[in-house]
Amino acid sequence: MANFISKLFNEDARKLRQIEKKIQPVLDLEEKYRNMSDEELKAETPKLRQRLADGASEDDIFAEAFATAREACRRVIGEFPYKVQLMGAAVMCGGDIAEMKTGEGKTLTSVMAVYLNALSGKGVHVVTVNEYLSQRDAQWMGQIHKWLGLTVGLNLRQLTRAQKKAAYACDITYTTNSELGFDYLRDNMVTRVEDRVMRGLNYALIDEVDSILIDESRTPLIISGGQKQTANLYLQADRFVKRLKADEDYEVDLKTRTVQLTEQGIAKAEKVFRVENLYNLQHTALLHHINTALKANYVMARDVDYVVDEQDDEIVIVDPNTGRLMKGRQWSDGLHQAVEAKEGISIKQETATLATITYQNFFRLYNRLSGMTGTAKTEEEEFLEIYNMYVFEIPTNKPVIRVDYPDAVFGTKKAKFSALVDEVAERHAKGQPVLVGTIAVETSELISKYLKERHIPHEVLNAKNHAREAQIIAKAGQKGAVTIATNMAGRGTDIKLGEGVRELGGLCVLGSERHESRRIDNQLRGRAGRQGDPGMSRFYVSVQDDLMVRFGSERMEGLFASLGDQAVESKAVSKAISSAQRRVEGVNFDARKQLLQYDDVMRQQREVMYQQRNFILENEDVHEVIQDMFKRVISDIIGAHQDSDNKGAVDKKAVVEALNNIGFKNMVKEEDLGEMDQEEMTGFVVDKAWTYYEDKIAPVKEQIKPVEKEVSLRTIDRAWSNHIDTMEKLRTGIGLRGYASANPLQAYIEEGYTLFQDMMQTIAQEIVAFCMNVRVIDNRPKKEEEKKA
């Protein structure tokens, strides 16, 4: 183990030496660039851009770009990046993470990396945890980039689509992680290319990278369509289909488990629902409800596919493989609600998830990803495995002289809080500023109550107002200030010491308990002792704290019970706490990793869907896509009707019936198919169907193009939304497979693949059925000769 650790440290030291070597030319150029006039320095930007355009790499222009940005920092905001800041920026240019202690100037460090990556013109996204920091950095660091001739945009939630588009069109865009993710999802839901706001995912630099890529990675971004008020439509559609006659109004194909209205059925539907053309675009939802009602009534069988639980007023699906009841699972695409209507059960409200993605998968879409934070080394394994990013610990500009005291450990929470408040009162009496870090909002309010009882003035900060948060944290280093804050509050804002505070020992940071993650504790500790300032930190822990209850030993609790309310400062106890934290970190990493494995299934499917959707969106003419769908649907139908008893021969009668079901209207007769094999039959039917469709739309071929495009997009979007829902429900119940000695992840991958193929098939079937049933009415004014004829 010791050998492994020494190797690890040697490897880190070797990497840092390489980084130092890389930035040496930048340091050598310092004098040259300082002697340039403002105009000469500004002229470097077009020169460097031209070199990139002529084929130079970013490495080729690295030294000049860094030297330019560094000198611009000095001239525009009066701050000149140190050597360690150049090292941090070089790390980020390589697509890795720079761990820099609090107060080491991470925001200024980002300037060089952002400038170099923005020169290509492909866009740089600087990502922060809240809008206050985005606005601050866009204004503060943005002025340097603007001075150098680059464009800077700020992306906020309240902006219009046009304003967002303008912000993303800039060389550098400051934004929050959530707004970035939602913009990406919304861009993949638009129906016109010009409505997109983003222009590709080139390079992202993430501030507080551990907070965004680890702490928030398990929370998916979801765009929901709200509740669908569709219960009445299900009931109306159910009443209608129950009055239909088999073979006259509808036809069932049990092999493919599909059912379709006949010509007579379509006419009845148009009469009942008072619509002129059921296959008109505006009646897509009605047609969909009729189709699901048909399937619920004439394909889905009670006590075979499902059972009715009248006591709980619900439909319970029967697993077709095991025959077991699948409580809590639902069919997608409105089929579950249609079966509820059929059986007279209360129709559950539908909510539609229109699009979803996790931060893990979103940020992996970038060509290059980098980040900076004060605390990431403890999670290096996760960053490397999930994002392929190394964590470099950048040395501090001045040595850290903060004193980190061993934990004060107590037998009870009451004794712990009492001692913590005593220390706050003692240090406040001297005028030394105190920052108390808590994990929960309730704890911060409890400590506040104790301080009020002692008449100690203080500020409570629990991350509800970002702008006020930054102001409070900034003042936390003033003489006599007492601030209670949740551990993560105020990230990204420096605590500068007030006059006379250095002499009192600097900022005193007290933790009310240990967090599950050592990284969060380090973040809190790092609030004190910035840039060589004095400071101290201590954590107050009790054996009744959650972490100790879950991972501490009973022997330890017995030992503290005998000591009463006395504090114990023991390195052995602190070591036991760190060991418990490492175990929790391991458990949390495994949970995030498992989540990613499941989400990767959706990622692959999402990429295929978005790729297909974008192709349709970006092309005015999707006629060839429609033709491919005809081929797919016909091939699937013929493939589904192979006669297994007769060496792959095709049941021609069943094929003809199935084709009629989806609108082929006796176009193909059994005798037409003669002795054709499967391939010949497919080619023959495709040619016949496509010729029929082409002839039908010939008079209005140009006018039909936008209709084909819109129908395709609408069908894809509805099917994808339903598929997301189905996959979510599948994932919720898949864990139970473990009890049956099955691998839940493998089952999810296999069933997810089948569901995806089914969805693609459904999309093609719906589009082909629309094309075959659409009525073309040529309303164009006739020419004089035609009228006379």
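Right above here is the structure, for reference.
Only a predicted model underlies this, so the values are computations on that prediction, with no experimental measurement involved.

Caption draft 1: Spotlight on the overall build of the protein. Looking only at helices and strands, the protein has 31 helices and 23 strands in total. Counting only residues that meet the buried cut, the protein has 52% of its 789 residues in that class. Across the protein, every contact between residues at least 6 apart in sequence was considered, and the portion connecting residues at least 24 apart equals 74%. Looking at the protein as shown, the accessible area adds up to about 36700 Å², and 49% of this sits on carbon and sulfur atoms.

Caption draft 2: Representation of the packing of helix α18 (residues 380–387) against helix α25 (residues 571–618) within the structure. Two elements in contact, α18 and α25, have axes whose closest approach is 11 Å; the angle formed by their N-to-C orientations is 10°. As judged from the angle between their axes, α18 and α25 are roughly parallel. Between α18, through E381, E382, E385 and I386, and α25, the contact on the second element is made entirely by F589, R592, K593 and L596. Among the residues forming the contact of α18 with α25, the class breakdown is 3 nonpolar, no polar and 5 charged.

Caption draft 3: Structural view of a negative patch on the surface. A cluster of acidic residues, D247, E248, D651, E657, E670, E671 and D672, forms a negative patch on the protein surface. Along the chain, D672 turns up in the loop between α27 (652–664) and α28 (678–697). Taking the relative accessible area as the measure of exposure, D672 reaches 30% and is therefore partly exposed.

Caption draft 4: Here's a closer look at the environment of H428. The residue H428 is located in helix α19 (residues 413–430) in this model. For H428, a relative accessible area of 21% gives the class partly exposed. Considering only alpha carbons, one finds H428 and I456, 28 residues apart in sequence, at a separation of 8.0 Å. Once you skip the residues sitting within four places of it in the chain, H428 turns out to touch I456, P457, G480 and V482.

Caption draft 5: Molecular detail of the environment of E516. Inspection of the secondary structure assignment puts E516 in the loop between β20 (507–511) and α22 (518–525). The spacing of E516 and E585 is 69 residues in sequence and 7.0 Å in space, taken between C-alpha atoms.

Caption draft 6: Inspection of unusual backbone geometry at higher detail. The phi torsion at D313 lies on the positive side, around 55°, for a residue other than glycine. A relative accessible area of 28% means that D313 is categorised as partly exposed. The residue Q531 is not glycine, and still its phi comes out positive at about 50°. Relative to the assigned elements, Q531 resides in the loop between α22 and β21 (535–542). With a relative accessible area of 16%, Q531 lands in the buried category.

Rules and cut-offs
- Residues numbered from 1 in each chain as written.
- Predicted model: local features only at pLDDT ≥ 70, side-chain atom pairs only at ≥ 80, totals over all residues.
- Heavy atoms only, no water.
- Helix = DSSP H or I, 4+ residues; strand = E, 2+ residues; numbered from the N terminus.
- Buried < 20%, exposed > 50% of the residue type's maximum accessible area, 1.4 Å probe, protein only.
- Contact = heavy atoms within 4.5 Å.
- Areas by Shrake-Rupley, 256 points an atom, 1.4 Å probe, with all protein chains shown as cover.
- Axes fitted to C-alpha atoms, helices over the stretch in contact; angles between N-to-C directions.
- Parallel < 35°, antiparallel > 145°, perpendicular 65-115°, else oblique.
- Nonpolar A, V, L, I, M, F, W, Y, C, P; charged D, E, K, R; others polar.
- Patch = residues over 30% accessible without salt bridge, like charges linked within 9 Å, V, L, I, M, F, W, Y side chains within 5 Å.
- Salt bridge = Lys/Arg side-chain N within 4 Å of Asp/Glu carboxyl O.
- Lys, Arg positive; Asp, Glu negative; His and termini not counted.
- Charge placed at Lys NZ, Arg CZ, Asp CG, Glu CD.

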